[in-house]
Amino acid sequence: MIRMATIGTSAITGSLLDALTKVEGVTFVGTLSRDAERAAAFTAKHHGTRPFTSLDELAGSADVDAVYIGSPNALHCPQALACIAGGKHVLVEKPFCANARQARKVFAAAEAAGVVALEAMRPLHDPAFHTLKDAIAELGAVRRATLRFGKYSSRYDEILAGRRTNIFDCAMASGSLMDIGVYTVEPLIELFGTPQRVCASAALLDEQTRELTGGALDGAGVIMASYPGMVATLHHSKITNDLASSQIEGELGTLTIEGISAPSTARLDLRVASTGGDAVGYSSAQTSTRAIELPHADNTMAYELADFAQAIEAVRAGMRPFEAPAGTFGSIGHFRDVTLASLALMDEARRQTGVSFPVDGGEDVEARAVFDASGNADASADADAIAPQGR
């Protein structure tokens, strides 16, 4: 049995605990909150037995084997390091850390301690996403991908009303790219590997909000990623609703996806015959359309949690943490590589758009180890070490 505690009492932590009831071999101990009453109430609501009110208490508890970290982004690294030092396996909510430099530190600590460290990135563990990944083979040479996720945040209303919120705060390493754009970045890396070049642009929140946000912060943005013979665009927003579909386009057809963070429906349109040209000279084609049947789960967080539990059991059986299988779709080492490559891309995108966090440490931002000043991927061994293989 894996005895699991959580950090944070947010809705995402509640969803994780709802998923936990569907995963065998994992039981909930209690949650950590600085507010003792809140910790006790949240723990009781989810049928735990021991609330925690300090990180040291949780990290040192003999009653806990693993910790889910669902706190604000800037706290992920120090909290993960404290739990790892206490011998705990860690499942860290996306984004894994505020930047790639922090993530490397956490993964190195986990390896040295012999524990599992995994990012809670839902689509990478979702069979529906991998059904789509398999369908890409029918597209022929992929030439363009457009991945989109935009959802208006009610917390933006707080900013507009002149009130501070963690969701739009440089000190908390938040903003559109970190909180929502990551759901487009990591699928891109999983599907196609690290791009050769990225070019980012962002709609920054109005200058008069910066006293609240602690600096320039993105409300929406676009990233263009270049590969040999292919280009991808990533669209993200927390201040508008994006109602368009994601698409992956190949020479033989197009895959259309609804819900990149948790794929719900998908369609494959394959070109079957040319029908000549239209009135202005563009060629047209007949297509064969097929709905892609996707596996469905009420709470897709159950997949990442089950994969995390499998990896812990493999480590308990004597396997090295980053060699441990984490479900059907990869090892802990594979998911580590995707996390690191994704954070390096986001570091570079933030550098280009002028968004920085106090925890970045100035010149230590990992983007400089992977992308040079022009945005080209660095061919150094350090860069190669974090670049997973794409299709």
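Owing to the predicted nature of the structure, the values given are computational and were not obtained by experimental measurement.

Parameters at a glance
Residues numbered from 1 in each chain as written. Predicted model: local features only at pLDDT ≥ 70, side-chain atom pairs only at ≥ 80, totals over all residues. Heavy atoms only, no water. Phe/Tyr/Trp six-rings, centres within 6.5 Å; stacked < 30°, edge-to-face > 60°. Helix = DSSP H or I, 4+ residues; strand = E, 2+ residues; numbered from the N terminus. Buried < 20%, exposed > 50% of the residue type's maximum accessible area, 1.4 Å probe, protein only. Polar contact = N/O pair within 3.5 Å; in protein donor to acceptor, adjacent residues only side chain to side chain. Contact = heavy atoms within 4.5 Å. Salt bridge = Lys/Arg side-chain N within 4 Å of Asp/Glu carboxyl O.

**Q** Break down the packing of aromatic side chains for me, citing the residues and quoting the values.
**A** With the rule as written, the count across this model stands at six aromatic pairs. Seen from their ring centres, phenylalanine 96 and phenylalanine 107 are 4.4 Å apart, and the 5° between their planes marks the pair as stacked. Of this pair, phenylalanine 96 sits in the loop between strand S4 (89-93) and helix H5 (100-113) while phenylalanine 107 sits in helix H5, and the two are eleven residues apart along the sequence. Phenylalanine 107 matches phenylalanine 96 in its accessibility class, with the two residues each being buried. Note on tyrosine 152 and tyrosine 156: the rings are 5.9 Å apart at their centroids and 75° apart in plane angle, and the pair reads as edge-to-face. Classification of tyrosine 156 by relative accessible area gives buried; the value is 14%. Taken together, the aromatic side chains of Phe96, Phe107 and Phe322 make up a single cluster linked through ring pairs.

**Q** If you had to explain the side chain of serine 174 to someone new, which residues and values would you point to?
**A** Its place among the elements puts serine 174 in the loop between helix H8 (154-160) and helix H9 (176-192). Residue serine 174 is classed as buried on the basis of its relative accessible area of 2%. A polar contact is formed between the side chain of serine 174 and the backbone nitrogen of aspartate 169, at a distance of 2.8 Å. Excluding residues that lie within four positions of it along the chain, serine 174 makes contacts with Asn73, Asn166, Ile167, Phe168, Asp169, Asp179, Leu217, Asp218 and Phe357.

**Q** Describe the environment of valine 359, naming the residues involved and giving the relevant values.
**A** Relative to the helices and strands, valine 359 resides in the loop between helix H12 (332-353) and helix H13 (367-370). Residues valine 359 and leucine 75, 284 residues apart in the sequence, show an inter-C-alpha distance of 9.7 Å. Sequence-distant contacts of valine 359, that is, excluding residues within four places in its chain, are made with Ala74, Ala98, Asn99, Arg101 and Gln102.

**Q** Tell me about the pattern of salt bridges, and please be specific about residues and values.
**A** The final tally for this structure, using the stated rule, is 19 salt bridges. Measuring nitrogen to oxygen at the nearest pair gives 2.9 Å for the salt bridge that ties arginine 163 to glutamate 158. Residue arginine 163 is classed as partly exposed on the basis of its relative accessible area of 44%. Here aspartate 360 ties to arginine 350 by a salt bridge, and the two come within 2.8 Å at their closest N and O atoms. You can see aspartate 360 sitting in the loop between H12 and H13 and its partner arginine 350 sitting in helix H12, a full ten residues away along the chain. Arginine 350 shares its class with aspartate 360; the two are buried.

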